[in-house]
Amino acid sequence: YEKISASFPYDDRLDSLNRWAYLFSELRLTPVPPAGAYGNQSYRTGRSSFIITKSGMQPEQSLQLDNYVHVVGFKKKSTTFTIEGQAVPSSECFLHNALYEHLPEVNAILHGHCSLLNSHAKALGIPVTSIFHDYGTQELADSAIELVTASMNFFILKDHGFVAVASNIDEAGKTTLGYYAELIELLRKRIPA
């Protein structure tokens, strides 16, 4: 990472992103071990820039600006992200960057981990990437790009986690909750009376 500034301009969408990051952690859609949340959330700020949760973030109910980083550029040759902010951005910058580049209509990406969504993806009609790739890699990002289409707003990275994409943060969050509600209903029906 190449840090060009220790701060970035406040944007009121940060409050919305923080609300969803905190809610996802409370619902265990982004489990939070001591090392930080398994998951990351972002919103687009420009053609090739976005605000993203920091690496190892511990979601908090009240907004803490140092939990977020502004990614302002990406140098493909050196695979280096140019950033503004106090922290190191999420290891999934490759994924978020690739999705924003590939889907110009997408302005928000919410990524989390729920093993029950993974294991019931087929029953819920959720598309899944074909091959497992390690987190934080360009290969993982590429597998998402191979799968995703402009009409697809929710999918699973094989043996990894879910990704919701939308034109705004609330829409991505509500899409995720919709699938989570379908999962709960599916599980409820499978329990003998």
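Residues numbered from 1 in each chain as written. Predicted model: local features only at pLDDT ≥ 70, side-chain atom pairs only at ≥ 80, totals over all residues. Heavy atoms only, no water.

Chemist: Please explain the environment of glutamate 146 as it appears in this structure.
Modeler: Looking at where glutamate 146 falls in the secondary structure, it is placed in helix 5 (residues 138-147). A relative accessible area of 68% means that glutamate 146 is categorised as exposed. (Helix = DSSP H or I, 4+ residues; strand = E, 2+ residues; numbered from the N terminus. Buried < 20%, exposed > 50% of the residue type's maximum accessible area, 1.4 Å probe, protein only.)

Chemist: In this structure, what is going on with helix 5? I would like to understand it.
Modeler: Count 3.6 residues to each turn of an α-helix, and residues three or four apart come out pointing the same way. Leu140, Ala141, Ser143 and Ala144 are the residues of helix 5 that are buried. Taken down its axis, helix 5 places every buried residue within 160 degrees of arc, on the same side. Each element contacted by the buried residues of helix 5 is listed here: helix 2 (93-102) and strand 7 (154-157). (Arc of directions from axis to C-beta. Contact = heavy atoms within 4.5 Å.)

Chemist: Where do I start with unusual backbone geometry in this structure?
Modeler: Generally, phi is negative for residues other than glycine and the peptide bonds are trans, each holding for most cases. Positive phi outside glycine occurs at arginine 28, with the angle close to 65 degrees. One can find arginine 28 in the loop between helix 1 (13-26) and strand 2 (40-46).

Chemist: Teacher, can you tell me more about the sheet that holds strand 4 (residues 68-75) here?
Modeler: Pairing between sheet strands relies on hydrogen bonds along the backbone, with the strands arranged either parallel or antiparallel. Reading across the sheet, the eight strands line up as 1-5-4-3-2-6-8-7 and stay open at both edges, with mixed pairing between neighbours. Edge positions in the sheet fall to strand 1 (2-5) and strand 7, since each of these pairs with one other strand and no more. Averaged over all neighbouring strand pairs, the angle between strand axes comes to 25 degrees, with direction disregarded. Where strand 1 and strand 5 (residues 80-84) come together, three bridges link them in parallel fashion. Its bridge partner being in strand 5, lysine 3 is matched across the sheet by isoleucine 83. Contacts from helix 1 reach strand 2, strand 3 (49-53), strand 4, strand 6 (108-112) and strand 8 (161-166), with the element oriented near 165 degrees to strand 2. Sitting on the sheet, helix 6 (residues 169-190) is in contact with strand 2, strand 6, strand 7 and strand 8, with an inclination near 140 degrees to strand 8. (Pairing = 2+ DSSP bridges. Axes fitted to C-alpha atoms, helices over the stretch in contact; angles between N-to-C directions.)

Chemist: Mind showing me how you'd approach the packing of helix 1 against helix 6 here?
Modeler: Helix-helix packing is characterised by the crossing angle of the two axes and by the distance between the axes. Running from amino to carboxyl end, helix 1 crosses helix 6 at an angle of 15 degrees, the nearest separation of the two axes being 10 Å. Taken together, helix 1 and helix 6 sit at an angle that is classed as roughly parallel. Handedness of the crossing formed by helix 1 with helix 6: left-handed. Taken together, the residues of helix 6 that come into contact with helix 1 (itself represented by Arg13, Ser16, Leu17, Trp20, Leu23 and Phe24) are Ile169, Asp170, Gly173, Lys174, Thr176 and Leu177. (Parallel < 35°, antiparallel > 145°, perpendicular 65-115°, else oblique. Left-handed = near helix turned anticlockwise from the far one by under 90°.)

Chemist: Would you mind going over the packing of helix 2 against helix 5 with me for this structure?
Modeler: Packing of helix 2 against helix 5 leaves a shortest axis separation of 8 Å and a crossing angle of 35 degrees. Crossing angle aside, the handedness with which helix 2 passes helix 5 is right-handed. Listed contacts from helix 5 to Phe94, Leu95, Ala98, Leu99 and His102 of helix 2 are Gln138, Ala141, Ala144 and Ile145. The residue makeup of the contact of helix 2 with helix 5, split by class, is seven nonpolar, two polar and no charged. (Nonpolar A, V, L, I, M, F, W, Y, C, P; charged D, E, K, R; others polar.)

Chemist: What is the right way to read the pairing of strand 2 from this model?
Modeler: Moving residue by residue along a regular strand, the side chains alternate between the two faces of the sheet. Within strand 2, five of the seven residues are buried, which leaves it mostly tucked inside the rest of the structure. Here four bridges tie strand 2 to strand 6, and the two strands are oriented antiparallel to one another. Along strand 6, the bridge assignment pairs asparagine 40 with histidine 111. Sheet analysis places strand 2 next to strand 3, joined by four bridges and oriented antiparallel. Bridge pairing in strand 3 links arginine 44 to phenylalanine 50. Linking two consecutive strands that pair antiparallel, namely strand 2 and strand 3, is a turn of two residues.

The analysis is restricted to geometry; functional conclusions fall outside its scope.
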